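Residues per chain are reported as follows:
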Amino acid sequence: MHHDHSNHPHHSDPGYVGHDDHEQQLESNLPNPAPHQHAGHHQHKGHDRHAGHSPEMFKRRFFICLVLTLPILYFSPLFQEWLRYQAIDLQGSNWITPILATVIYFYGGWAFLKGAWYELRGKIGMMTLIALAITVAFVYSLAVTFGLPGDPFYWELATLVDVMLLGHWIEMASVQGASRALEHLADLVPAIAHRLTNGRIEDVSVSTLTEHDRILIRPGEQIPIDGEITEGASSVNEAFLTGESRPVTKQMGDEVVGGAVNGEGALTVQVTRTGDKTTLSQIMRLVEEAQSSRSRYQALADQLAYWLTLIAIGVSTLTFVVWLAANSGLTFAINRAVTVLVITCPHALGLAIPLVIVNATAMSAKNGILVRSREAFERARDIKAIAFDKTGTLTEGRFGVQHIDTDGINELDALTISASLESLSEHPLGQAIVGEAEHRQIHLVQASEFKAIPGRGVEGTVNAQRYRVGRPEWAEELNLKFPSALRKGLQEIESRGESAIVLLNDQQVLAVIGLADQIRERAREAIQRLHEMNIETVMITGDAEAVAKTVAAELGIDRYYARVLPQDKATLVRRLKAEKPTAFVGDGINDAPALFEADLGIAIGAGTNVAIESADLVLVKNDPLDATYALQLAKATYNKMIQNLFWSTGYNVIGIPLAAGIAYPFGILLSPAVGALFMSISTVIVSINAMLLRRVKLSH
């Protein structure tokens, strides 16, 4: 089947993550997860703006430079004039400022100079701008100290470096804070496991475990690896995976995943998946891919940064030439040129997109949505229709009793007798009846002379009476009386596409039980929410028309397609996509082609690798309501991105002309330090705005 990969670059090309060697990637400084879990996984190459830097380094340099700046400000003639004080006159005090300024330039400015060096070998950007501004100020000031007529820029240089270091410290701390998700996930796995060998317990490193090893997990311990329980029963907290804090009961034959926390029972587990194959490793890979994939807006931000740098250099050169020609003196001309360079530093721009995305990815993960590619957020905001696969997505994929019609017996007795007989049978419809009895807390009766009749049902004696439970046709074959009220009930059940089971005694049909695949509780709410968002809902199912019609009516779905074969789902999604941008929500196993085909593929259930590989978003909690949450988050993320691009570049429209001295005749002039302050304020606004994404009320 042909797959249109045009809007899914990340599917068709595993190396899609754009990493030009000199791209200003903010995210490359994310902490790398445990190396053994990412053997062979693509790590970032190339030098980004912060290669080898850490928030601690910027913090340390900021405080040291701040202390060194104080004497410079104290000895500055301008500050003495402003604050009307006389600096103490020490022997050689006029050398204190140049020496401290040199230290600040090399020690505080080193990160920027190094960044500019890498940028100049690739594509110029922000580091070049900062380096240029501080170098011009430093070289000119030194020249003045050594005899060139004019006023030095020492205090402007020092405060500029301080403000830049502060900006970078805030920037890196917030980015790193938001991307801790990976570290937290890596920490979930204990390093040691208790392996059982020939009845002995030995503590071994988790990385040495192989498939089929048996390990012991004591009460309260974290499960170190994926496996299947071979002995014991317990309740396990899988909140890290599902976001659901309620412990899940596990017994023999059930699967447990590494990272979950064992409850009150001791478990013996046989290892089923190791290393990169474990669920946790897969999730970590997804989080990492999502945080390192580049988005359209990120590319736009980089492009804006590049142009702003060129504009800054152009305008600052022009400013210098114009003021020099206007005979306003070399110092004034340089002062203006430096201020233009400083204020244009599109610092906030580098933060604008990454911060929003890192927050959005972290928020999604916290709410059980794994984002495979950041670009998914951009596509999700355009979605106008959402198609759901029925079984396992809108419904639970297991039968439940919908209603019971009786004649000559009350409902409770009918259920008790049916469940008592069916409790001895393996049939899924029988199990659904037993499940209903358990749900109603009915005490079952011991049945004797039990016999299963293949293709018919089961029979046996309950309370000294003979009963049969099975297909409605069985009553006809035995020529038993079928009361008209029950026959009418049976027709209704069949018209709804439900399955019917009848309870018989030796004379007549006593009860008709209607069973259907149970609708997920949250599906109703999800469809309602989507309607509020003006998104059309579509249901695709392989089931019969009657079933599809009933489920669609019950949920309020706009349109449905019944009897769709798995291989035809993708074709149907392509047809829907031609009408309007369409998302597809499926459980992944036979839905992979349709997930690929949709504008946005959303897989329900993290257990299926196929789904994870073919979807853009994975809903860990099997909750269709999370699909609406993902769309809401996508819209909020997009809005924040646009706001941040505006905030990070908008101030330049006013700032650059003011810095160039356009309002000088009116006595308005921006100094380099005020320019740096403006720039930092926009950085802070952008950071706060990105953080506000976490406050977006997502109706849960």
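Where an unreviewed UniProt entry is consulted, the chain appears under the name Heavy metal translocating P-type ATPase, with the organism given as Leptolyngbya boryana CZ1. Its UniProt record gives the chain the following Sequence similarities (unreviewed entry) comment, quoted word for word: "Belongs to the cation transport ATPase (P-type) (TC 3.A.3) family. Type IB subfamily." In its Subcellular location (unreviewed entry) section, the UniProt entry covering the chain states "Cell membrane".

### Section: the packing of helix 11 (residues 330-344) against helix 24 (residues 625-660)
The relative placement of two packed helices is expressed as an angle between their axes plus a distance between the axes. Relative to each other, helix 11 and helix 24 sit at 170 degrees, their axes nearing to 8 Å. Classified by the angle between their axes, helix 11 and helix 24 sit roughly antiparallel to one another. Across from R336, T339, V340, I343 and T344 in helix 11, the residues of helix 24 making contact are Y651, N652, G655, I656, L658, A659 and A660. Considering only residue class, the contact of helix 11 with helix 24 consists of 7 nonpolar, 4 polar and 1 charged.

### Things to note about helix 18 (residues 484-495)
In this model, helix 18 (12 residues) spans 16 Å end to end at C-alpha, consistent with the 16 Å of a helix rising 1.5 Å per residue. Those residues of helix 18 not exposed but buried are L486, G489, L490 and I493. The buried side chains of helix 18 occupy one side of the element, clustering within an arc of 100 degrees when seen end-on. Set apart from the buried face of helix 18 by more than 90 degrees, the exposed residues are S484, K488, Q491 and S495. Phi turns positive one or two residues past the end of helix 18, at G497, with a value near 80 degrees.

### Section: the packing of aromatic side chains
Scanning all chains against the criterion turns up 9 aromatic pairs. Between Y105 and F106 the ring centres are 4.9 Å apart and the planes differ by 75 degrees, which places this aromatic pair in the edge-to-face class. Using a relative accessible area of 44% as the deciding quantity, one classes F106 as partly exposed. Members of the aromatic cluster, joined through ring pairs, are Y74, F75 and Y85. Against the face of Y107 rests R61, its NZ or CZ located 4.7 Å from the ring centre. The ring of W474 carries R468 above its face, with NZ or CZ at 5.7 Å from the centroid.

### Brief notes about the sheet that holds strand 18 (residues 536-540)
Read from one edge of the open sheet, 7 strands run 10-22-21-20-11-18-19, paired in mixed fashion. In this open sheet, the two edge strands, each paired with only one partner strand, are strand 10 (369-371) and strand 19 (559-561). Adjacent strand axes in the sheet meet at a mean angle of 20 degrees when their direction is disregarded. Pairing between strand 21 (residues 600-604) and strand 22 (residues 617-619): 3 bridges, direction parallel. Residue pairing for strand 22: I602 is matched across the bridge by L617. Sheet strands touched by helix 20 (residues 545-555): strand 18 and strand 19. Its angle to strand 19, the strand with the most contacts, is close to 155 degrees.

### Looking at helix 2 (residues 55-75)
An ideal rise of 1.5 Å per residue puts 30 Å on 21 residues; helix 2 measures up with 31 Å between its terminal C-alpha atoms. Looking at helix 2, one finds that the buried residues are P55, M57, F58, R61, F62, C65, L68, T69, I72, L73 and F75.

### Structural notes on the packing of helix 5 (residues 126-145) against helix 11
Put simply, helix 5 and helix 11 touch, their axes get as near as 8 Å, and they point 160 degrees apart. Classified by the angle their axes make, helix 5 and helix 11 are roughly antiparallel. Like other packed secondary-structure pairs, helix 5 and helix 11 cross with a definite hand, here left-handed. On helix 11, the residues touching L129, L132, A133, V136, A137 and Y140 of helix 5 are L330, T331, I334, V338, L341, V342 and T344. When grouped by side-chain class, the residues that make up the contact of helix 5 with helix 11 number 11 nonpolar, 2 polar and no charged.

About the thresholds
- Residues numbered from 1 in each chain as written.
- Predicted model: local features only at pLDDT ≥ 70, side-chain atom pairs only at ≥ 80, totals over all residues.
- Heavy atoms only, no water.
- UniProt positions renumbered as here; feature names shortened; annotations may be inferred.
- Axes fitted to C-alpha atoms, helices over the stretch in contact; angles between N-to-C directions.
- Helix = DSSP H or I, 4+ residues; strand = E, 2+ residues; numbered from the N terminus.
- Parallel < 35°, antiparallel > 145°, perpendicular 65-115°, else oblique.
- Contact = heavy atoms within 4.5 Å.
- Nonpolar A, V, L, I, M, F, W, Y, C, P; charged D, E, K, R; others polar.
- Expected span 1.5 Å × (residues − 1).
- Buried < 20%, exposed > 50% of the residue type's maximum accessible area, 1.4 Å probe, protein only.
- Arc of directions from axis to C-beta.
- Phe/Tyr/Trp six-rings, centres within 6.5 Å; stacked < 30°, edge-to-face > 60°.
- Lys NZ or Arg CZ within 6 Å of the ring centre and 35° of its normal.
- Pairing = 2+ DSSP bridges.
- Left-handed = near helix turned anticlockwise from the far one by under 90°.

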